[in-house]
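Structural features, examined
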Amino acid sequence: TTSIKKRSTKSFQQHLMDILSQEKNTIASDTIVWMPHGKTFIVIKPNKFVNKVLPQYFDSKIKTFQVFLGLLKRMGFKCVKSGPE
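What comes next concerns the included structure. Everything numeric in this text was worked out from a predicted model, so none of it was measured.

Helices and strands together make up the secondary structure of the chain, namely 3 helices and 2 strands. Listing the helices and strands of the chain from first to last along the sequence gives α-β-β-α-α. Every one of the 85 residues in the chain was classed for burial, and the buried ones make up 26%. When contacts within the chain are restricted to residue pairs at least 6 apart in sequence, those whose partners lie at least 24 apart make up 39%.

As structure tokens, then:
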């Protein structure tokens, strides 16, 4: 028996919103979350995010946290390391 995996037609942004919209107590909910004001999000467990969440939502081209960050930067996201939420 041959299994064929259907490719997703969702964009990077759609997958990101799916991840951030997860209910509590899911694989993604303890790795990446919205900040209380809802303007930014934070990856709180990068290793778990890379090993458990990325393979579930993105194709095999996004295998590292650096690649994920690079895609965010290309989309206009900015990395904020400190400051107000």
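Text resumes after the structure shown.
Throughout the structure, instances matching the rule amount to 8 aromatic pairs. Relative to Phe 68, the ring of Phe 49 has its centre 4.9 Å away and its plane inclined at 65°; by these criteria the two rings are edge-to-face. Separated by 19 residues along the polypeptide, Phe 49 in helix α2 (residues 46–57) and Phe 68 in helix α3 (residues 65–74) bring together distant segments of the chain. No difference in accessibility class separates Phe 49 from Phe 68, as the two residues are buried. Following the ring pairs from residue to residue traces out a cluster consisting of Phe 12, Phe 49, Phe 58, Phe 65 and Phe 68.

Turning next to helix α1 (residues 12–20). Taken as a whole, α1 has its buried residues at Phe 12, His 15, Leu 16, Ile 19 and Leu 20. Across the axial projection of α1, the buried residues extend over an arc of 135°, all falling on one side. Taken together, the buried residues of α1 touch β1 (32–34), β2 (41–43), α2 and α3.

About the criteria used
- Residues numbered from 1 in each chain as written.
- Predicted model: local features only at pLDDT ≥ 70, side-chain atom pairs only at ≥ 80, totals over all residues.
- Heavy atoms only, no water.
- Helix = DSSP H or I, 4+ residues; strand = E, 2+ residues; numbered from the N terminus.
- Buried < 20%, exposed > 50% of the residue type's maximum accessible area, 1.4 Å probe, protein only.
- Contact = heavy atoms within 4.5 Å.
- Phe/Tyr/Trp six-rings, centres within 6.5 Å; stacked < 30°, edge-to-face > 60°.
- Arc of directions from axis to C-beta.

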